[in-house]
Amino acid sequence: MKIRVLHVIDHLGYGGAPVAVRNIAERINGERIETVVCALRTNPRAMPIKVRLINLGYHKYNPFAALAITKLCREHKIDIIHAHLQKSVISCLLAGFFCDAKIIVHEHGPIFRGGTGFLYRLLLKSLHSRAAVAIANSQATKTALIRTAGFDEKSIQVVSNFIDFARFDRNLYDRDKARDKLGVAANQVAVGFVGRLDPCKGADVLIHAAALLCRESEQFRFVIMGEGSQRSQLERLAGQLGLQDKVTFAGLCTNPAEVMIAFDVAVVPSRREAFGIAAVEFMRMKIPVVASAVGGLVEVVKHEKTGILVDPLSPEAIAEAVGRIVQDKALRESLINEAEAFCRKFDGREQLRQITEIYEKLCSRNPDARCARRT
């Protein structure tokens, strides 16, 4: 009998957590696991997903979302609720009062202190005992779950994010065509950023670094790929620094690899980061990475081995690191080769094995209850 899993997530817009849900739902063994995905709200630019999808209409914290999830569990005879992101996690934990499904809290980053998310952390601390298991996407996230929400260390499993290796294959893309589309000449150095345009992602720090690098050389061009609340502010900043012709805002791309192929150096200047999936994608695309030494990024980017870490984060530190990579061919090639080998551990095989094992252990604890719900 298949284990029936309901993934619940706030939305399926392009971002780290939605991509993680898609990767798990589409690639988990369908002969052992039956998957349904529920999005609390519809995103106008939702990414496609090749499993059964149910969209609800809850944009904010809403107790009725818990009742809707409870109803779905009964209708689909769900064994396990796998919850992702703030509103979904809280709604699922509340649903745990009304249904027998085991609940997995999959933490992707909101647990970290700073910025938004205070209400989430407060509610999670009160409700975390309803979860059977927590999945943390890094050791840093595991530590935050213990310190901030009071999870028992034994209840947390670390399962890293993983990427679609077939998509992030530089041999599939035309580098010259991508650079031409972005207005980057053959003799110029393209420095790229991919991520949500939000203060925690640090794109503003990269733009300040761009101003420093452009003072030293005319060869640099910068590409900011992504959307978010900070975009207009970042565009104004680039204008104020006289970088209108140096910085290109590429917007949201459904396949970031098509743009990444144009980059010579990638920068991940996050102020907070639970994992750093973009860094792994860059590594797979054989693009040397400069990243801030925060959160889970230090578990992915090994200083002067798989990338360059900057600590503390500053425009000057980013500019210096980018300059080193551009000027030192031996360093650049070493970083690319080490990172390409290291990133193979994020191809999904081990991660899917871990998740399947978690599902099976949860269901094996009370198989009679599972069967009773199915009759």
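Higher on the page you've got the structure.
Conventions used here
- Residues numbered from 1 in each chain as written.
- Predicted model: local features only at pLDDT ≥ 70, side-chain atom pairs only at ≥ 80, totals over all residues.
- Heavy atoms only, no water.
- Helix = DSSP H or I, 4+ residues; strand = E, 2+ residues; numbered from the N terminus.
- Rg over C-alpha atoms; globule rule 2.2 N^0.38 Å.
- Contact = heavy atoms within 4.5 Å.
- Areas by Shrake-Rupley, 256 points an atom, 1.4 Å probe, with all protein chains shown as cover.
- Lys, Arg positive; Asp, Glu negative; His and termini not counted.
- Charge placed at Lys NZ, Arg CZ, Asp CG, Glu CD.
- Buried < 20%, exposed > 50% of the residue type's maximum accessible area, 1.4 Å probe, protein only.
- Pairing = 2+ DSSP bridges.
- Right-handed = clockwise from strand over helix to strand, strands pointing away.
- Axes fitted to C-alpha atoms, helices over the stretch in contact; angles between N-to-C directions.
- Parallel < 35°, antiparallel > 145°, perpendicular 65-115°, else oblique.
- Nonpolar A, V, L, I, M, F, W, Y, C, P; charged D, E, K, R; others polar.
- Polar contact = N/O pair within 3.5 Å; in protein donor to acceptor, adjacent residues only side chain to side chain.
- Patch = residues over 30% accessible without salt bridge, like charges linked within 9 Å, V, L, I, M, F, W, Y side chains within 5 Å.
- Salt bridge = Lys/Arg side-chain N within 4 Å of Asp/Glu carboxyl O.
- 1 Å grid on protein atoms, 1.4 Å probe; cavity = no way out; pocket = protein on both sides within 12 Å on 5 of 7 lines; lining within 4 Å.
- Points joined across faces, edges and corners; volume = space filled by probe spheres on them.

1. Overview of the overall build of the chain
Next, step 1: Counting its secondary structure elements, the chain contains 15 helices and 13 strands.
Next, step 2: The C-alpha atoms of the chain give a radius of gyration of 21 Å, which matches the 21 Å a tight globule of 375 residues would have.
Next, step 3: Based on the C-alpha atoms only, the size of the chain along its principal axes is roughly 70 × 35 × 35 Å.
Next, step 4: The contacts in the chain between residues at least 6 apart in sequence include a share of 70% that link residues at least 24 apart.
Next, step 5: Entry remark: accessible area of the chain is about 16700 Å², with carbon and sulfur atoms responsible for 48%.
Next, step 6: Across the chain, the centroid of the 53 positively charged side chains sits 6 Å from that of the 40 negatively charged ones.

2. Overview of the pairing of strand β2 (residues 33-39)
Next, step 1: Counting buried residues along β2, six of its seven residues qualify, which places the element largely inside the surrounding structure.
Next, step 2: Of the strand pairs in this sheet, strand β1 (residues 3-9) and β2 are connected by seven bridges, and their pairing is parallel. Its bridge partner lying in β2, H7 is registered against V37.
Next, step 3: Note that the unit made of β1, helix α1 (residues 16-27) and β2 has a crossover that is right-handed.

3. Quick look at the environment of K50
Next, step 1: With respect to the helices, strands and loops of the structure, K50 is situated in the loop between β2 and β3 (52-55).
Next, step 2: Spatially, the C-alpha atom of K50 lies 9.8 Å from that of V37, the residues being 13 residues apart in sequence.

4. Remarks on the packing of helix α7 (residues 203-216) against helix α8 (residues 231-240)
Next, step 1: Put simply, α7 and α8 touch, their axes get as near as 10 Å, and they point 10° apart. As far as their axial angle goes, α8 and α7 are roughly parallel. Every residue of α8 that contacts α7 at A203, D204, I207 and H208 is listed here: L234, L237 and A238.
Next, step 2: For the contact of α7 with α8, a count of residues per class yields five nonpolar, one polar and one charged.

5. Here's the deal with the side chain of S217
Next, step 1: Positionally, S217 belongs in the loop between α7 and β9 (220-225).
Next, step 2: For S217, a relative accessible area of 19% translates into the label buried.
Next, step 3: In this structure the side chain of S217 is engaged in a polar contact, spanning 3.0 Å, whose partner is the backbone nitrogen of Q219.

6. Some words on the sheet that holds β2
Next, step 1: One open sheet accounts for seven strands, arranged β3-β2-β1-β4-β5-β6-β7; its pairing is parallel. Looking at which strands have only one partner, the edges of the open sheet turn out to be β3 and β7 (156-158). Here the average twist between neighbouring strands, direction ignored, is 25°.
Next, step 2: Across five bridges, strand β4 (residues 80-84) lies against strand β5 (residues 102-107) in parallel orientation. Its bridge partner being in β5, H82 is matched across the sheet by I104.
Next, step 3: The strands touched by helix α3 (residues 86-95) within the sheet are β1, β4 and β5, with β4 carrying the most contacts at an inclination of about 150°.

7. Regarding the sheet that holds strand β10 (residues 247-251)
Hydrogen bonding along the main chain pairs the strands of a sheet, whether they run parallel or antiparallel.
Next, step 1: If you walk across this open sheet you meet the six strands as β10-β9-β8-β11-β12-β13, and the pairing is parallel. Of all the strands in the sheet, just β10 and β13 (308-310) have a single pairing partner and so form its edges. With strand direction ignored, the average angle separating the axes of adjacent strands in the sheet is 25°.
Next, step 2: When strand β12 (residues 289-292) meets β13, the two strands line up parallel, connected through three bridges. The residue bridging S292 from the neighbouring strand is V310, located in β13.
Next, step 3: Along the sheet, α7 contacts β8 (189-194), β9, β10 and β11 (265-268); its crossing angle with β9, the most-contacted strand, is approximately 170°.

8. As for a nonpolar patch on the surface
Next, step 1: Side chains of F64, L67, F97 and F98 sit close together on the surface and give an oily, nonpolar patch of about 440 Å² of accessible area.
Next, step 2: Summarising the element assignment, F97 is placed in the loop between α3 and β5.
Next, step 3: Classification of F97 by relative accessible area gives partly exposed; the value is 47%.

9. Quick word on unusual backbone geometry
Next, step 1: Of the consecutive residues D311 and P312, the connecting peptide bond is found in the cis state with omega at 5°.
Next, step 2: With respect to the element layout, P312 can be found in the loop between β13 and α12 (315-327).
Next, step 3: In this structure, K77 takes a positive phi of about 50° despite not being glycine.
Next, step 4: Within the fold, K77 resides in the loop between α2 (63-75) and β4.
Next, step 5: The phi dihedral of L85 is positive, around 75°, even though this residue is not glycine.

10. Digging into the layout of surface pockets
Next, step 1: As a volume, the second largest pocket reaches approximately 290 Å³.
Next, step 2: Lining the second largest pocket are Y173, D174, K177, A178, K181, L182, T248, A250, C253, E258, V259 and I261.
Next, step 3: Listing elements by their share of the lining of the second largest pocket, those giving two or more residues are α6 (175-182), β10 and α9 (257-260).
Next, step 4: In terms of residue count, the dominant contributor to the lining of the second largest pocket is α6 (four residues).
Next, step 5: Looking at the lining of the second largest pocket residue by residue, the classes come out as seven nonpolar, one polar and four charged.

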